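Architecture and fold: a report
Spelled out from the first residue to the last, the chains are:
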Amino acid sequence: MSYCVHCGVKLADYHETCPLCNTKVLNPKSKIDPQTRDFPKYREHLKSKNPDNMKRLFAGTIVSFISSIYIIILLLINYLVSGQISWSLIPAVSLVYVWFGVAFPLLRPGQTFFRLYTYDSFATALFLLALNLIISGNIAWSKFAAPAIIFVWIIMAGIFISDRVKKWIPMIIYYILASILFTVLYAFMLTNNNVIVHLILPIYVSVLVISLLSFFMTKAKIFDITSFLGIIFANVAILAFAVDMIVSHFLTHSFNPTWSIFVLCALIPLSLMGILLRKIKQLRSFIARKFHR
Amino acid sequence: MKKKNQDSKYWFRLDTSATIYPALESTETTNIFRIWAELEEEIDAEIVQKALDIIKPRFPYFNVYLRSGIFWHYFEENDNPSIIWADTPNPCERLYPIYNNGFQYLVRIYKNKLSAEFSHMLTDGGGAMEFLKTLITHYLIIKGKLDSVPEGIMDINAEPNPEEYEDAFLKVLEIEKDNLDNSPHQRNLFNTDAVFQMNDRKLPLGVYKIIIGTVSLEDLKKISKSYNCKITELLAALYVEALIYVQHEQVKDPKKYRPIGMEIPVNMRNLYPIRSMRNFSLFLVPRFDPKEINKFEDIITFLKPFMIKHNTREFLLTMVQDNCALAKNKVIKHAPIPLKDFIIRYLSNTQGHAQFSGAISNLGAIRLPKEVEEHVKDMGVLLGPTYHCLTGCGVVGFKDHIHINFGRINKNPMVEKHVFRRLVEMGAQVSIKSN
């Protein structure tokens, strides 16, 4: 147990700073032990079965039962009318997808948001692949759509993990590796690699760089919340300019910005205004009051 | 509790002091308070669920929905199963009954801590403490640590006594019918002399920072003896001193200094032999003029006679009379709920809560039967957040120490810092922890 050198109070083992004066705790003999916290850091859920779950289970069972009845009836009608199962597969697959989105969370209560999002993402990807296969007999457009959904999931997973891990370098490596993997995947799938190398990849890299830049600028608290919009506007302007240059180079083999000049003219003053906002104290405190910051 | 017929659900009115709470509920003023017990061993959620299911029928006045009528809110029987919740980083957060099977209270567990959060609409600290004591006892019995219900804990097989759920304030009027003063006592609703309230940046909506301070009872007794006052008075005085310092920092012009109004709840169970399990407390609001206070002793000199003079049956009876008269007023009684809620909200914002600079509630020493106390390491109480005061303080004594628990919705722990540093200066050993 440590003492605060400023306040003279004893501090619990899990405090890195004094809750009263924010002075850092420096005690080589006593280690900071976050496990001894008296309150959870995040909202927790109990693993045990809540009685409330009974209603959810009941609702989930009812939805499952009705969905399966519908699927069976559809398949039967299709088979009896045309002697084969064809069009009925589309509503059947759609119903299975809806069941996964609605009834599955009811039947498996206590799931975290991220876990549900994971299930839904993969279910959506599978649904698109199945739909494509049923309609056109082969996997055509869905081979682009399904990986795109998985890629969005990977980005979201990064956000969830970064919130817990709080180590930025591995997170950046994670994002870069994921991006390269997906770009290579798309390059294999597309016949015209020229588009990938000269258009998609540069745009992709610039979006990635700008997004990461925005994220870390806000995270590192270089700017406070009042100039947050300013940073976003500035980064969007830079991105628009970069995209315009890449497209013009791809089409005409020269760097001639066209539409991005108008975007720059519109966004740069807004961005400057946002960044300068922090200088105007009164307005800042008014905004801070309104947002409870 | 009334029933239309044998099969219908029972219902009852909110008690006199709870009528304003439905109108005032918000994310910043949740009207929730928490009491907790820390056991020696880690808590098993399933056993808590079993214990709660066993004791629930003994507290029919807590197992209710809050319903809206045309003129008043009322409670109606709720036979849904209760839910045990894991703890949250922000205690006393707003309770949404829709996610809690309609209940206005919830039980949370975290490691070896068992907490009960109650809406003030249902009960006050006294009633909630009885509930928690019963829950702990039955938890320990199921766990095999206790053989039977010891004396001093409610008997769950007994029928609820009507005294427990009847409006205790009306009962007081019945008891004191010979002493009632017939002269009008209406409180001045339009008091414009507002008190000082701290001005600070607020934490993001829903975040409630708490600081739990633990001081040994002996140390506090010694200090209060040196000032010749009670522990509640000492802590309230320290709170007032902190607010005076904050005012000095925040208001540059001494001419603009405002009085400090301190809300000190009084447990009416100590004055009347009514064993109510619903709200049965009133509050005193001593006002301190910062211009007249030069040192700490001045606060005590003012507060001590104030408490002696006002913490009496005679004074509190006039308050009860006023509150009941307001509720019985024909115009107020027959005003529709939306209008009533709007007026209550307006009056509370401009007159009610605007009269408090801070709040300190002392539940006193908690006594548990010896058999139960062996298994309980610690107990505590925490007041819910309030939009106007920003900071509130709950005090409770257990075994040989006292917990001084502060909760705040503003960024800087201005009051807490002052109170704990002053206690250290006075010679007490303070240990603190926070969420």
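Residues numbered from 1 in each chain as written. Chains lettered and ligands numbered in written order. Predicted model: local features only at pLDDT ≥ 70, side-chain atom pairs only at ≥ 80, totals over all residues.

On a plain count of helices and strands, chain A comes out with nine helices and two strands. Its helices and strands taken in sequence order, chain A reads β-β-α-α-α-α-α-α-α-α-α from the N to the C terminus. Sequence-distant contacts in chain A: of pairs separated by 6 or more residues, those separated by 24 or more amount to 46%. (Helix = DSSP H or I, 4+ residues; strand = E, 2+ residues; numbered from the N terminus. Contact = placed C-beta atoms within 7 Å.)

Next up on the list: the overall build of chain B. A tally of helices and strands in chain B yields 13 helices and 17 strands. Residue burial in chain B is summarised as follows: out of 435 residues, 43% are buried. Across chain B, every contact between residues at least 6 apart in sequence was considered, and the portion connecting residues at least 24 apart equals 76%. (Buried ≥ 20, exposed ≤ 12 C-beta atoms within 10 Å, placed from the backbone.)

With that settled, the discussion passes to the sheet that holds strand 7 (residues 105-110) of chain B. Residues and elements named next belong to chain B. Taken in spatial order, the five strands of this open sheet run 6-7-8-3-14, and their pairing is mixed. At either end of the open sheet lies a strand with only one pairing partner, and these are strand 6 (84-86) and strand 14 (376-382). Between one strand axis and the next, the sheet turns by 25° as a mean value, whatever way the strands run. The pairing of strand 3 (residues 32-39) with strand 8 (residues 113-119) spans seven bridges and is classified as antiparallel. Following the sheet pairing, Glu38 is matched in strand 8 by Lys113. The sheet contacts of helix 3 (residues 125-143) involve strand 3, strand 8 and strand 14, and relative to strand 3 the element is tilted by about 30°. (Pairing = 2+ DSSP bridges. Axes fitted to C-alpha atoms, helices over the stretch in contact; angles between N-to-C directions.)

Here we come to unusual backbone geometry. All names here are of chain B. Non-glycine residue Asn31 carries a positive phi angle of around 60°. Classification of Asn31 by C-beta neighbours within 10 Å gives buried; the count is 23. Even without a glycine there, the phi angle at Leu390 is positive, about 70°. Classification of Leu390 as buried rests on a count of 24 C-beta atoms within 10 Å.

Where interface size is quoted, it is often the accessible area lost as the parts come together. Each partner contributes residues to the interface: chain A has 26 residues there, and chain B has 29 residues. Here the residues of the side of chain A that touches chain B sort into 13 nonpolar, six polar and seven charged. Sheet topology note: the strand 2 (residues 10-11) of chain A/strand 17 (residues 430-434) of chain B ladder contains two bridges and is parallel. Its bridge partner lying in strand 17 of chain B, Leu11(A) is registered against Ile432(B). (Nonpolar A, V, L, I, M, F, W, Y, C, P; charged D, E, K, R; others polar.)

On to the pairing of strand 9 (residues 209-216) of chain B, then. Residue and element names in this part refer to chain B. A large share of strand 9 lies buried, amounting to seven of its eight residues. Here eight bridges tie strand 9 to strand 16 (residues 401-408), and the two strands are oriented antiparallel to one another. Pairing of Ser216 across the sheet is with His401, part of strand 16. Examined bridge by bridge, strand 9 and strand 17 share five bridges and lie antiparallel to one another. Residue Val215 lies in a different strand from strand 17, and its bridge partner there is Val430.

Here we come to the packing of helix 5 (residues 168-175) of chain B against helix 9 (residues 313-328) of chain B. Residues and elements named next belong to chain B. Remark: helix 5 packs on helix 9, axes separated minimally by 10 Å, with the N-to-C direction vectors making an angle of 120°. Accordingly, the angle class assigned to the pair helix 5 and helix 9 is oblique. The chirality of how helix 5 crosses helix 9 is left-handed. The residues of helix 9 that touch helix 5, namely those facing Phe169, Leu170, Val172 and Leu173, are Leu317, Val320, Gln321, Asn323 and Cys324. Along the lines of polarity and charge, the residues of the contact of helix 5 with helix 9 split into seven nonpolar, two polar and no charged. (Parallel < 35°, antiparallel > 145°, perpendicular 65-115°, else oblique. Left-handed = near helix turned anticlockwise from the far one by under 90°.)

Let's shift gears to the packing of helix 7 (residues 231-250) of chain B against helix 13 (residues 414-425) of chain B. Residue and element names in this part refer to chain B. Axis separation between helix 7 and helix 13 bottoms out at 9 Å; the angle between their running directions is 125°. Between helix 7 and helix 13, the angle falls in the class oblique. Pair helix 7 / helix 13 crosses with right-handed handedness. Contact with helix 7, carried on its side by Leu238, Tyr239, Glu241, Ala242, Leu243, Tyr245 and Val246, involves Met414, Val415, His418, Val419 and Arg422 of helix 13 and no other residues of that element. Across the contact of helix 7 with helix 13, the residue classes tally to nine nonpolar, one polar and two charged.

This part is about the pairing of strand 15 (residues 391-398) of chain B. Residue and element names in this part refer to chain B. For strand 15, the buried fraction is high: seven of the eight residues fall into the buried class. By the bridge criterion, five bridges tie strand 13 (residues 358-365) to strand 15 in an arrangement that is parallel. Across the sheet, residue Ser361 finds its bridge partner in strand 15, namely Gly394. Relative to strand 16, strand 15 is paired through eight bridges, and the arrangement is antiparallel. Looking at the pairing, Val395 lines up with Ile404 of strand 16. Counted between consecutive antiparallel strands, the loop separating strand 15 from strand 16 contains two residues, among which Lys399 sits at a positive phi close to 55°.

At 3.6 residues per turn, the α-helix brings residues three or four places apart onto the same side. Residues and elements named next belong to chain B. Its 12 residues give helix 13 an end-to-end C-alpha distance of 17 Å, which sits within 8% of 16 Å, the value for a rise of 1.5 Å per residue. Within helix 13, the full set of buried residues consists of Met414, Val415, Glu416, Lys417, Val419, Phe420, Arg421 and Leu423. Contact partners of the buried residues in helix 13: strand 9, helix 7, strand 13, strand 15, strand 16 and strand 17. One or two positions beyond helix 13, positive phi appears at Gly427, with a value near 110°. (Expected span 1.5 Å × (residues − 1).)

Among the secondary structure elements, Ser68(A) is positioned in helix 1 (residues 53-82). Between the C-alpha atoms of Ser68(A) and Val96(A), which are 28 residues apart in sequence, the distance is 8.4 Å.

Core analysis: the largest hydrophobic core is formed by 120 residues, its most contacted members being Tyr239(B) and Val240(B). A total of 12 residues in this core trace back to one element, the largest contributor, which is helix 7 of chain B. Counting residues in hydrophobic clusters, the runner-up holds seven residues, among them Phe233(A), Ala234(A), Leu239(A) and Ala240(A). (Core = buried A, V, L, I, M, F, W, Y, C linked by C-beta atoms within 7 Å.)

Let us look at the confidence of the model for chain A. In the predicted model, chain A carries a mean pLDDT of 80, and 83% of its residues have values of at least 70. Within chain A, the lowest mean pLDDT, 65, falls on helix 9 (residues 281-290) of chain A, and the highest, 89, falls on helix 3 (residues 113-136) of chain A. (pLDDT = per-residue confidence, 0-100.)

With that out of the way, let us pick up the environment of Lys133(B). Residues and elements named next belong to chain B. Mapped onto the elements, Lys133 comes out in helix 3. The spacing of Lys133 and Met154 is 21 residues in sequence and 8.4 Å in space, taken between C-alpha atoms. With sequence-adjacent residues up to four places away left out, Lys133 is seen in contact with Ile153 and Leu368.

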